[in-house]
Each structure stands twice: as structure tokens, then as C-alpha cells.
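Coordinate analysis (summary)
What follows is each chain in one-letter form.
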Amino acid sequence: MRLLDKNSSAYLYQQVIDFIEHQQKIGGLVAGDKLPSLRKLSRQFEISIPTVKQAYVELERQGRICARPQSGYYLQAEQARTLKPRPATWRQGKPSEVKCRSLIEQVHAAVHLPETVALGISNPIQAHPPDKALARLMRSVLSKVAEKAVSYGPVTGDAKLRMQLAFRYQEQGVETNPADIVITNGAQEALSIALQCVAKRGDVIAIESPCFFGIIELIETLGMKALEIYTCTEDGACVDKLAQAIKKHNISACLFSTAINNPLGSMKTDSQRQAMVSLLEQHNIPLIEDDVYSELYFTPNKPKPAQLYSEKGLVMTCSSFSKTAAPGYRIGWLIPGKFEEQAKRIKRAQSCSTPMLQQWTLNEYLLSGDYDRHLCVLRKTLIYNCERMRALVAKYFPEEVCISKPQGGSVLWIRCQSHVNTSEFFQEALDQGVSFAPGAVFSPSGKYANFMRISFGVHWDESIEQAIKTLGRLVHENSAKQLQEKLFAEKQKLASQKPVKKTGNL
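The residue count restarts for each chain, going from 1 along the sequence in the order it is written. Only residues with pLDDT of at least 70 get local features here, since the model is predicted, and only at 80 or more are side-chain atom pairs given and counted; chain-wide, interface and lining totals rely on the full set of residues. Note that water and hydrogens are dropped before the side-chain values are worked out from all heavy atoms of the structure.

1. A short note on the pattern of salt bridges
Opposite charge on two side chains permits pairing when their charged atoms draw close. For this document, the term salt bridge refers to a Lys or Arg side-chain nitrogen within 4 Å of an Asp or Glu carboxyl oxygen. Counted under the stated rule, the structure contains 14 salt bridges. Among the ionic pairs, Lys-200 bridges to Asp-203, the shortest N-O distance being 3.5 Å. A residue is classified by how much of its surface remains accessible, and Lys-200, at 54% relative accessible area, is exposed. Taking the relative accessible area as the measure of exposure, Asp-203 reaches 14% and is therefore buried. Between Arg-390 and Glu-387 there is a salt bridge, with its nearest N and O atoms 4.0 Å apart. Remark: Glu-387 and Arg-390 occur in helix α13 (residues 370–396); sequence separation between them is 3 residues, near one turn of the helix. Counted as one network, the salt bridges with shared partners bring together Arg-168, Glu-295, Lys-302 and Asp-372. For each residue, the accessible area found with a 1.4 Å probe, counting protein chains only, is set against the maximum for its type, and the residue is called buried under 20%, exposed over 50%, and partly exposed in between. Strands here mean DSSP runs of E at least two residues long; helices mean DSSP runs of H or I at least four residues long; both are numbered from the N terminus.

Written out as C-alpha cells, the structure is:
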């Protein structure tokens, strides 16, 4: 470590920079760690607090640390190559049917394999599970409701839980009445009901690209067709590209995640979200918003729901507790806008009701304040895990690989070299005890063959680094294999084009 003399003419803040670099080198600080406070380093180096701040500002300018409001400074994965927005040379395709159904089935099956590091599923609460608090509340609820716990509930769900949800939306400025909300069996049922409210078999649904494969499969199952819309790694679905698609295609509805896309982790600003809603309502096109990750934001403020900007009631909000509290409870909800009557009718025909015991438990969880306290810790843990995993990918994957820098959620979207096909080593990764989601399942037309999604919503232990190391090795091996095959094919092509020398009779 290079130490500067206090009387040196060199900048005094360089002492702080050298100290941080040295701590990284010896492992005293790793990506995601909180840096010492300004006051502590001021005393340690006997320099002023503004001088320490100057050092931190310089490190932040270099992209090596980041500041979090009311929290402090944190070390970033400085070697991670951030995935940049794709060039605007996107070619708008045609509505398509699913081409990767078999691979989607394999990804789902891999979730439950024993002794496997499950990086292929987005299950954020594994990073900070609230199971003990929920178990305690459920025992308390059971002691009060007795036989009611196994009875049918109202079609639209528990009135008290709907009231709690309405209060939360009202705090964000959305005028929501508890009677407007329909409790569902997870967000997937909410999305299914919403789609059936506004579209029928054969209709075209605009989706983000890449898009969560569960949405792709749902659209296909309902007999509808998906139209992929260019989606930026930072701002989500491009409004300009969407406008062009509206002119070319008869779009029945859009299904987007304007707050934290899966798998990109992109998030629209409030003004961008408002512009999208305005565009769609000008053309009377409903927007179905998949809002399951909006509570897992890494930004200073929670994103506003798209429903806030709706003037015609064409926005339908779908969300759940699956990504924030209890995926096994299967409790979601739908705010159907002007499609309230259709939504309630479809819910009644489709599943009649949603289990009451879980609803009562979650209502108590919200009322106690434990849910919001849990979310605060969960967000901090996910931010920490994100930086650690980005650093590991940068360490073990090829240098050409680029990594997303999500604004929330629990997954990383990784772009490997163009000649790599991540689906080809999916089974080999499972055989070696690691699951991931190949990029091809995030596009109905089979795009993103050289991409992969991995989750940092995990309980962190020594197995995580080994799993990333295994995936990095498989990417290296697949890259080498593909290059060899390409080189061999080129040699064969040249050999076939070589003119044959003619010989005459002697």
C-alpha cells in the first residue's frame, strides 16, 4: 500500500483511496460492503471530513463505490462489465408462438432438484426469509378462527386484507377502493384473469423483450400470440418502438413490468411510465402491469404504479406477496380498473376463492408493521448480494461477458459472447449441481441464446461462489467449443471451394 506523507504536496485524500484499495486487495472489503464512515476515516488519518468526502466522491466518479441516501457509501463490483442498452437497430418482429416450451419445462423441473444450488429461480425471500414471523402469526390466527380456516372464502378475498392493500396504494396517490381489489391465487392467476378480460384466442399481446418465461407460457396457453417490444436495460419497454408497433399490428393489450422488469431489472421513471400510459390510452389499448417486484427497488424512492396515470381505467395492476413474503402462500391480487365486473366473473368461474388462512395471516403481518420492517432488511440484503454476485461473475466468466446492473429485483441478466449457446450446457450445469435459466426461454421467438439469468436472491454461503465458478467454467468451455466448430466449418467451406486441377492424357 502506498502511503503519503502528511506534509506531501500530493492530495491528502489519496490516503483514503489507497486504504480502500488495500482493504480490497487483502479481502477486508468485498463488493457490497459498507465503507467506513467519513468521521471514522477522518480520525484515523487525521484529516478533515471534507477531505475524506473528496476521496469518496472521486471513487464514486470512477464507479468503484456508490452512495445510498441515509445509509452511507458501499463498495461496488468494480470489475463487472455492465450490460449497456442494446443498439436502436432493433427489428420489430411479427407476433409469434412459443418455440421453447420444452426448455421452459426443464427450467421449472430444475427448481426442485435436491442438492442443487438453485440460481435458476427468482425467489428473493431466500435472502431474508420471514418464515418465523409468519409461522407465529399463523398459529395466532388459527387459535382465533378454528374451523373457519378450512372454509370457502369470498370470491374477491378477505375484506380486511383488501383494505390494507388499498391503503398502501392510496399512500402512493392511487385512488383505490377495497371493493375494487380481487385477491387471487398468486400473481399468475391475476395475470391470467386480466388477459382474459381484454383479449381472446388469436389476439396479439405486446410484451417486453426479454420477458419472464411464465408470462410467455401463459399467453401461449390462452391461445394468444406474443409480440416482442424492444426493451432497454435501464428504462424498460421503449415507448417509441411501442408506438411503431401499434401502427403495424392490431395489439389487443400490453403486458409490461414498468417497475423492475424480470430479467433485466430495468425500471421506468415516473414520467416515462406516464408517457406510456398516455400513448396506450390514446389508442384504447389496455395495459396489464406485472408489479410483483415494485417493493424490491434499489433506488431512493419506490416507483409509482402505472395505474396512477390512467384516465380511462385501462390499466390493470397485478401483484402478489410471492416475491416479498411467502411464495408458498400463493396470495396475489388484481386491481382491474374498468374491467372489474369481468374480472370478478372470471375469478368466480376459474377458482371460486383463495385460501383464507394465508390471507388472514398476511393481513396480520401488514397490520403489525413487521412486513415493512422485513422489506427494509430484504432490500438491503438483495443490494449486497447483487454486488457480490456481479463481482463473482466478473471474476470467473470470460472477459467479454457483460452483466446487468438491476435497479431492483433479485436476478442478473448476463450476455455471453455471441457464439455461446447457454441452452447447450444447461443439463451439464444441473449434473454438476447448479441451475440457471438459459436466455432462450425469455423470448417466444427464441432470441437471447447467448444470454442467461441467475438469481442473487439466495441465502449466501460458500456454495454460491462455487456455483458461479462452475457456470463460468461452462461458459469458457462452450465458447472454446463453438469457436473450434466455427473454425472447422470455415476450413471445410474453403476446401470445398478449392478448384480441382485438371490433368490431360499423356
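Moving on from the model shown.
2. Some remarks on the sheet that holds strand β6 (residues 225–232)
When DSSP finds two or more bridges between a pair of strands, those strands are recorded as paired. Reading across from one edge, β4-β11-β10-β9-β8-β5-β6-β7 is the order of the 8 strands in this open sheet, with mixed pairing throughout. With partners counted over all chains shown, the strands left at the sheet margins are β4 (182–185) and β7 (236–237), one partner each. Two strands pair when backbone bridges link them, and strand β9 (residues 287–290) and strand β10 (residues 315–320) are joined in this way by 4 bridges, in the parallel orientation. Among the inter-strand pairings, Glu-289 is bridged to a residue of β10, identified as Thr-317. In this fold helix α8 (residues 213–221) packs onto β5 (204–209), β6, β8 (251–256) and β9, with an angle of close to 165° to the strand it touches most, β5. Residue contacts follow a heavy-atom distance rule, with two residues in contact if any of their heavy atoms lie within 4.5 Å. Throughout, an axis means a line fitted to C-alpha atoms (over the contacting stretch in the case of helices), and angles, computed between N-to-C directions, take values from 0 to 180 degrees.

3. Concerning the side chain of Asn-262
Structurally, Asn-262 is set in the loop between β8 and α10 (270–282). The term polar contact refers here to a pair of N or O atoms within 3.5 Å; inside protein, the definition further demands a hydrogen-donor-capable atom paired with an acceptor-capable atom, and it admits residues adjacent in sequence only when both atoms are side-chain atoms. Separated by 3.0 Å, the side chains of Asn-262 and Arg-453 make a polar contact. Beyond its immediate chain neighbours, meaning those up to four positions away, Asn-262 contacts Pro-210, Cys-211, Phe-212, Tyr-293, Val-411, Phe-442 and Arg-453.

4. Observations concerning the confidence of the model for the protein chain
Per-residue pLDDT for the protein chain has a mean of 89; in total, 92% of the residues score no lower than 70. For residues 1–10, every residue scores under 50 in pLDDT, and the model assigns this stretch 12 contacts once sequence neighbours within four places are set aside. Looking at any residue, its pLDDT shows the predictor's confidence there, from 0 to 100.

5. Examining the nonpolar core
Here, the term nonpolar core denotes a set of buried Ala, Val, Leu, Ile, Met, Phe, Trp, Tyr and Cys residues that are joined through side-chain atoms within 4.5 Å. Within the largest apolar cluster, 88 residues are counted, with the highest numbers of intra-cluster contacts made by Leu-119, Phe-321, Phe-397, Ile-414, Met-452 and Ile-454. The greatest single-element share of this core, amounting to 11 residues, is contributed by α13. Leu-191, Ile-205, Leu-314 and Ala-343 belong to the second-largest nonpolar core, a separate cluster that totals 28 residues.

6. A short note on the state of the cysteines
In what follows, a disulfide is any cysteine sulfur pair within 2.5 Å. Counting across every chain of the model gives 0 disulfides. The structure places no disulfide on Cys-238, whose sulfur is separated from the nearest cysteine sulfur, that of Cys-232, by 7.9 Å. Residue Cys-238 is classed as buried on the basis of its relative accessible area, which comes to 19%.

7. Comments concerning the sheet that holds strand β16 (residues 451–455)
Pairing within the open sheet is antiparallel, and its 4 strands lie in the order β12-β13-β16-β15. Strands at the two margins of the open sheet, each flanked by one partner only, are β12 (402–403) and β15 (437–438). As defined by bridge partners, β12 adjoins strand β13 (residues 411–415) across 2 bridges and the pair is classed as antiparallel. Note that in β13 the partner of Cys-402 across the bridge is Arg-415.

8. Considerations on the environment of Gln-417
Looking at the element boundaries, Gln-417 is found in the loop between β13 and α14 (426–431). What makes Gln-417 buried here is its relative accessible area of 10%. When the C-alpha atoms of Gln-417 and Cys-402 are compared, they prove to be 8.8 Å apart, with 15 residues separating the residues in sequence. Dropping the residues within four chain positions of it, Gln-417 is found in contact with Pro-398, Glu-400, Val-401, Asn-450, Val-475 and Ser-479. Looking at Gln-417, its side chain comes within polar contact range of the side chain of Ser-479, at 3.3 Å.

9. Some points on the packing of helix α2 (residues 38–45) against helix α3 (residues 49–61)
Where α2 meets α3, the axes come as close as 8 Å, and the angle between the chain directions of the two elements is 115°. The orientation of α2 with respect to α3, classified from their angle, is roughly perpendicular. Of the two elements, α2 crosses α3, and the hand of that crossing is right-handed. Contacts from Leu-38, Arg-39, Leu-41 and Ser-42 of α2 reach α3 at Ile-49, Val-52, Lys-53 and Tyr-56. Lys, Arg, Asp and Glu make up the charged group, whereas Ala, Val, Leu, Ile, Met, Phe, Trp, Tyr, Cys and Pro make up the nonpolar group; the residues left over, Gly among them, are polar. Its residues placed into classes, the contact of α2 with α3 shows 5 nonpolar, 1 polar and 2 charged. Orientation is classified from the angle alone, with under 35 degrees giving roughly parallel, over 145 giving roughly antiparallel, 65 to 115 giving roughly perpendicular, and any other angle giving oblique. Note on convention: near helix rotated counterclockwise from far helix by under a right angle means a left-handed crossing. Clockwise means right-handed.

10. Structural notes on helix α1 (residues 14–25)
Multiplying 1.5 Å by the helix residue count minus one yields the expected span of that helix. End to end, α1 covers 16 Å across 12 residues, agreeing with the expected 16 Å (1.5 Å per residue, within 8%). For α1, the complete set of buried residues consists of Gln-14, Gln-15, Val-16, Ile-17, Asp-18, Phe-19, Ile-20 and Gln-23. Each element contacted by the buried residues of α1 is listed here: α2, α3 and β2 (72–75). Phi turns positive, to about 85°, at Gly-27, one or two residues after α1.

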